[in-house]
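Tertiary structure, described
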Amino acid sequence: MYKNILLSITLIISSLSTTYAQNKVTLSGIIKDKIAKTALPFVNIILKTEKDSAFVNGTVSNEEGRFSLPNIKSGNYILEASFVGYSTKKQALFVGNLTQFLDVNIIELDEISTTLKEVMVTGRQEEISEKMDKKTFSLKDNIAQSGGSVLQAMQNLPSVTVQDGKVQLRGNDKVTVLIDGKQTALTGFGNQSGLENIPSSAIDKIEIINNPSAKYDANGNAGIINIIYKKNKQEGFNGKAGFTTGFGSLWERKSNLPTIRPQYTFTPKINPSLSLNYRKNKVNAFFQGDYLYTETLNKNEFVTRIYDDGDVVNSQLKRNRDTHFTTFKSGIDWNIDEQNTLTISGLFGSEKIIDNGDQPFFNKSLSERRRLWQFLEDELKTTVMATAAYQHKFKEAGRLLNIGFNYTFHREDEKYFYDNILPNSVGTDAFKLLSDEQVYDLNIDYIKPLKYGRIETGLKLRKRDIPTNMMFMPGKNSVIDANAGGEATYKELIPALYGNYVFENKKWEAEVGLRVEYVDLRYEVNPNHPTYKSDGYDYTQPFPNLRFAYKLNDDNKISLFYNRRVDRPNEVDIRIFPKYDDAEIIKVGNPALRPQFTNSVELGYKTNWSEGSFYSAFYHRFADGTITRISSTASGSNLIYATFQNVNKSFNTGVEMVLAQEISKVYSFNVNLNAYRNQIDAFTVLNKYPVSRSFSADKQEIFSGNIKLNNTFHFPKKIDAQLTAIYLAPDIIPQGKINTRFSLDVGLKKTIQNGKGELFFNATDLLNTMIIKREIQGDGFRYTSDDYYETQVVRLGYGYKF
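Reference entry: report on the structure contained in this document. These numbers were taken from a predicted model, which means no experiment stands behind them.

Right, let's talk about the overall build of the chain for a bit. The secondary structure content of the chain amounts to 3 helices and 44 strands. The C-alpha atoms of the chain give a radius of gyration of 29 Å, which matches the 28 Å a tight globule of 802 residues would have. Considered along the principal axes of its C-alpha atoms, the chain spans approximately 110 × 60 × 55 Å. Counting every position in the chain, which comprises 802 residues, the buried fraction comes to 55%. Each charge sign in the chain was given a centre, from 98 positive and 91 negative side chains, and these centres are 3 Å apart.

As structure tokens, this is what we get:
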């Protein structure tokens, strides 16, 4: 298999390639008299190409001697300053791609006698270049996933896979998800949550950052995904309204085990959305509202467990889910004057989930039902976020001071009701979980452009508190651990400082940064808990980032990256309360869990030509104290307890390639290959809940990867189409592996009403082939599972811009 992967890589390298657009750069500086050191107003500034002295742009200095030249693309130039009574000053200048602003500082002129020449001021727009550390994708181009959730939209993006409701970058789910550059409770602080319920209709674009700089939080070793909400800034009143509907689970892929309620089929989806914007003079007001209603076969997992004593248990976990998700985001941009801007915004999110589930347990031959576990989950998640952002623009173009404050409140109100039906008795249990999370974030960032790059520095302070209360209500013949409830409080304080330096000349690029974080985390638990006690940790750690690049020529570049990052256990990872969403595989947190530190190196190459581009990267990550779930049994019981643990070192080594090519005006494609080797070293851990038990595992390793092919068609009469094929190779998971997966997505879009209207139709997992198959090896047992959850969805939608 290893040879086959290498052969595939070699073939692709020999035939593929990428295009990267030019960066918009603003040049700035100040003109002074060389002797008097006073500013010179109305000096003529001309930018010419170094190669043939062709005119590019021009302007005159203002009353303070300052000048600014916008929209300059990368290249080599001559900057010329001339003024009546002074000698003309010329200097060579290189403009790169790493920063949007370059400050040439002070240009001094010698006084002589001359004449004034007329200068014409012109400019031209160029597209922003795609950098090797970040990829940006517009959701309006993702036709095959229009009208779905953000999670569904992401699965078609290069580098991204989706597994168990979580996003993975290059086979790793330790991803930090941001909304408009900020961590929020909607998507999780440090972990991922809620992505399957955020409508993609609310989103403008998605950024994938594999090698974040020091200005980003150090959390998330796989990288960062930044979800950017829609926000229009056109003059006057404008907006967009849309409506999408559809159905999922069009047919039953596998019949239920006997004696349980029917599984959902032909599940409805409804998603109206409205975006409004009003801009006049110094004020810009914006609003984005979305509602998403879905019925979903959220889980349909068939499991066969085989114990060392020969006992075999066949079960099915079926979960029918109804979801109501509402989000409103609104705010005001106030341009106080030319140098000062204030933005006030708020976000409200409400997620209502109703789950009706059945989990029957049978013997090997399915002739005897041993148990039936039926449950109702009623969960309401409420999120409120308030943001204030102030920006001061200094007189030098591109020199900025940004100050931001963000407050987040997130309530999790969850109720479970269980019926435990045995051959000779019926018992009813329940629990209620209430969690109120409050987060305060303060950010101060400063940017100063330089002649060959920029300096970034800043600080961040976060305070996060999560008091949680679990109330177990056992009934007759109860199977729940009522003593494991009570109160627990998570407290986190993180101050951080960072500095980042960016340099670029004709041949070399460099980015060197350092972030220093102090973390103080305390987890206070119910003193009467039968297993766990209060715990916590603190540390002060440096997180450096390095990037060096060499430009072979204008179209070819090689880059080398280094990053050190951390994955801190989130509150749900250390939560002490057992979770009974599976009756016989019980999940529980671990307050003794510690951070996982990861170092990564990457060697990247990019080349581009007129109709296409090729990007490739070889990467290696090595983590210490890897965080993962470990499943084991307790003495005298067949119940399986899955507990988070820090195991040994883990390694992720691979290669990624992205090819984009326009074949004709009608057809273009991009293909993404990600091939990697995952390894977890042998380890021994002690699972403490419900009783202490040691667990050991041998080293695990596997070669895996994925291939995505996106085909885009532009037909006459403003009809666009997209066909996407995704193949995911087998991969290792804790104590086992997940098998091959494949899906095919298709979408059509037609522009109508003179470009203001849009109709689309799409189908996700058109052939209904995405089935999650796992093999798990535990201590005293092993099991296989096939999950036929809902993956097939068809949608029809309409949008209108006004």
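The rest of the description comes next.
This next bit is on the pattern of salt bridges. One pass over the full model with this rule turns up 49 salt bridges. One salt bridge connects K318 with D358, and the closest N-O pair in it is separated by 2.7 Å. With a gap of 40 residues between them, K318 in strand β17 (residues 312-335) and D358 in strand β18 (residues 340-362) connect regions that are remote in the sequence. Of the two residues examined, K318 and D358, each falls in the buried class. Its salt-bridge partner being R411, residue D436 comes within 2.7 Å of it at the nearest N-O pair. Linking D436 in strand β21 (residues 426-450) with R411 in strand β20 (residues 400-421), this pair joins segments that are 25 residues apart in sequence. Several salt bridges share partner residues, and in doing so they unite D217, D441, K460, R462, R515, E517 and R568 into one network.

Quick look at the environment of Y689 now. Tracing the chain through its elements places Y689 in the loop between β34 (683-687) and β35 (693-697). In the structure, Y689 is positioned 205 residues away from A484 in sequence and 9.9 Å away in space, judged by C-alpha atoms. In this structure Y689 touches D481, A484, T531, Y532, P578, Y580, V588 and Y641, once residues within four positions along its chain are discounted. Within the structure, Y689 has its side chain in polar contact with the side chain of D481 (distance 2.6 Å).

It is worth spelling out the packing of aromatic side chains at this point. If you walk through the whole model with that rule in mind, you get 26 aromatic pairs. Taking the centre distance of 4.5 Å and the plane angle of 20° together, the rings of F247 and F266 count as stacked. On the criterion of sequence distance, the pair formed by F247 in strand β14 (residues 236-248) and F266 in the loop between β14 and β15 (267-280) is long-range, its members being 19 residues apart. Owing to a relative accessible area of 32%, F247 belongs among the partly exposed residues under this scheme. Taking relative accessible area as the criterion, F266 reaches 47% and is therefore assigned partly exposed. Relative to Y783, the ring of F781 has its centre 6.4 Å away and its plane inclined at 10°; by these criteria the two rings are stacked. Assigned by exposure class, F781 and Y783 land together as buried. Lying over the aromatic face of F302, K254 brings its terminal NZ or CZ to 4.5 Å of the ring centre. Positioned above the aromatic ring of F394, the side-chain terminus of R399 is 4.1 Å from the ring centre.

What counts and how
Residues numbered from 1 in each chain as written. Predicted model: local features only at pLDDT ≥ 70, side-chain atom pairs only at ≥ 80, totals over all residues. Heavy atoms only, no water. Helix = DSSP H or I, 4+ residues; strand = E, 2+ residues; numbered from the N terminus. Rg over C-alpha atoms; globule rule 2.2 N^0.38 Å. Buried < 20%, exposed > 50% of the residue type's maximum accessible area, 1.4 Å probe, protein only. Lys, Arg positive; Asp, Glu negative; His and termini not counted. Charge placed at Lys NZ, Arg CZ, Asp CG, Glu CD. Salt bridge = Lys/Arg side-chain N within 4 Å of Asp/Glu carboxyl O. Contact = heavy atoms within 4.5 Å. Polar contact = N/O pair within 3.5 Å; in protein donor to acceptor, adjacent residues only side chain to side chain. Phe/Tyr/Trp six-rings, centres within 6.5 Å; stacked < 30°, edge-to-face > 60°. Lys NZ or Arg CZ within 6 Å of the ring centre and 35° of its normal.

The quantities given are spatial measurements derived from coordinates; they are silent on function.
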